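# Coordinate analysis (summary)
Listed here are the chains, written in short residue letters.
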Amino acid sequence: LFLVDTTDKKLIKVPVEKWPDQTLRLFTPGEKVNSLYFLRKKRTCDEIDFCKVDLKTGEVKVLINEISKPYFNNDFFHLSLLNEGEDIIWWSERTGWGQYYLYDKYGKLKNTITSGTFTACRISHLDKLKRRFIFEGYGREKGMDPAYRFFYRVNFDGSGLTLLTPGNGYHSIELSKQGNYLLDVYSRVDMAPVSVVRDMKGKEILPLEKADLSLLYSTGWREPQKIAVKSADGITDLYGVMYTPFDMDSTRKYPLVVYVYPGPQEDQVPQAFSMDDNGNQALAQLGLIVIHIGYRGGSMFRGKNFYNFGYGNLRDYPLADCKFAIEQLADRYAYIGRDRVGIYG
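Here goes a summary of the coordinates provided. Quick caveat: nothing in here was measured; it's all calculated off a predicted structure. (Residues numbered from 1 in each chain as written. Predicted model: local features only at pLDDT ≥ 70, side-chain atom pairs only at ≥ 80, totals over all residues. Heavy atoms only, no water.)

### Concerning the overall build of the protein
Secondary structure summary: the protein contains 4 helices and 23 strands in total. For the protein, the C-alpha atoms occupy an extent of roughly 85 × 50 × 35 Å along the three principal directions. Classification of the 345 residues of the protein by burial places 48% in the buried group. The contacts of the protein with a sequence gap of at least 6 include a subset with a gap of at least 24, amounting to 46%. For the protein, the accessible area works out to roughly 17,600 Å², and carbon and sulfur atoms hold 52% of it. Each charge class in the protein was averaged separately, 46 positive and 43 negative side chains, and the resulting centres sit 4 Å apart. (Helix = DSSP H or I, 4+ residues; strand = E, 2+ residues; numbered from the N terminus. Buried < 20%, exposed > 50% of the residue type's maximum accessible area, 1.4 Å probe, protein only. Contact = heavy atoms within 4.5 Å. Areas by Shrake-Rupley, 256 points an atom, 1.4 Å probe, with all protein chains shown as cover. Lys, Arg positive; Asp, Glu negative; His and termini not counted. Charge placed at Lys NZ, Arg CZ, Asp CG, Glu CD.)

Written out as structure tokens, the structure reads:
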């Protein structure tokens, strides 16, 4: 990294080197650039520095250093430099759950913004004047699939946490231009999309539309079934989807096929409505029961311990969960045959 003084025609090399094969990302706090900032990440992705550069001397000062073993959540990490560098919003899994924190310009922690045993995820709207933001959250609403996306609003000081999108399903939103209302569209694999207008307290103002699936049902289509089982530890809840043939005869025994994408970092289990997500329903039409479950070591939405479960063993870790899930489902549904089991993905 170099600084160029265009008046004196001087070139200053900034001493950014710390780790081999590190990566740098530059930040400027606003239009009046008196300081330059950069994010420095270790190649092993387990340590990160947020640094400030003196534009006159090139001197580097580390404001925030964080170590996260065995590795950082690259997809969810977020840093916002606000108000000419006076405020720093920082995302961290230091508690085992992804949450937001507010730092001052010196790198001193001012307060925790979000907290709890849920994952505060991507910021979808940030209001610097009202000092608040809207973010995605996973796993906070009890009794619902922790992979369902909800949206919340919170103030920079940690107050006023508000659920904006109630309703058991996977949510998507769009804000009005003035930011006073939002369009909330939500669905599940077993529920058609619903569209409503809400105020900024999450209250429903106007129902807009509910999808009419009568033509789809007239073709013989049937929605898949949400399922929940225990992992191989007998404690952790796992969630997924089961697909059956439209003309299924519950007195028969059907072969079972498992669709797998066991991670790392995701599981590809569908959450929102689709006529044939991943082609699993088409496969079931051949006369099969098809299941797709999110095993430990997959989804990053369920906290650091959950998605780090398979670290160092990307081959074997989902098989025990998969086997135990099949046994539970075969006990639960008489039409699943234990002696004919396949796997693909």
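After that view, the rundown keeps rolling.
### Remarks on the sheet that holds strand 20 (residues 237-243)
On the basis of which strands lie adjacent, the open sheet formed by 5 strands has the order 19-20-22-21-23 and mixed pairing. What marks the edges here is a single partner per strand, and that holds for strand 19 (225-230) and strand 23 (336-344). Each strand of the sheet is rotated relative to its neighbour by a mean of 30°, with strand direction disregarded. Sheet topology places strand 21 (residues 254-259) next to strand 22 (residues 289-293); 4 bridges connect them, and they run parallel. When the bridges of strand 22 are listed, L256 appears paired with I289. Contacts between helix 4 (residues 317-332) and the sheet are confined to strand 19, strand 20, strand 21, strand 22 and strand 23, with strand 19 contributing the most and set at about 115° to the helix. (Pairing = 2+ DSSP bridges. Axes fitted to C-alpha atoms, helices over the stretch in contact; angles between N-to-C directions.)

### Notes on the side chain of S68
Within the fold, S68 resides in the loop between strand 6 (60-67) and strand 7 (79-82). Ignoring anything within four residues of it in the chain, the contact list for S68 reads C45, D46 and K304.

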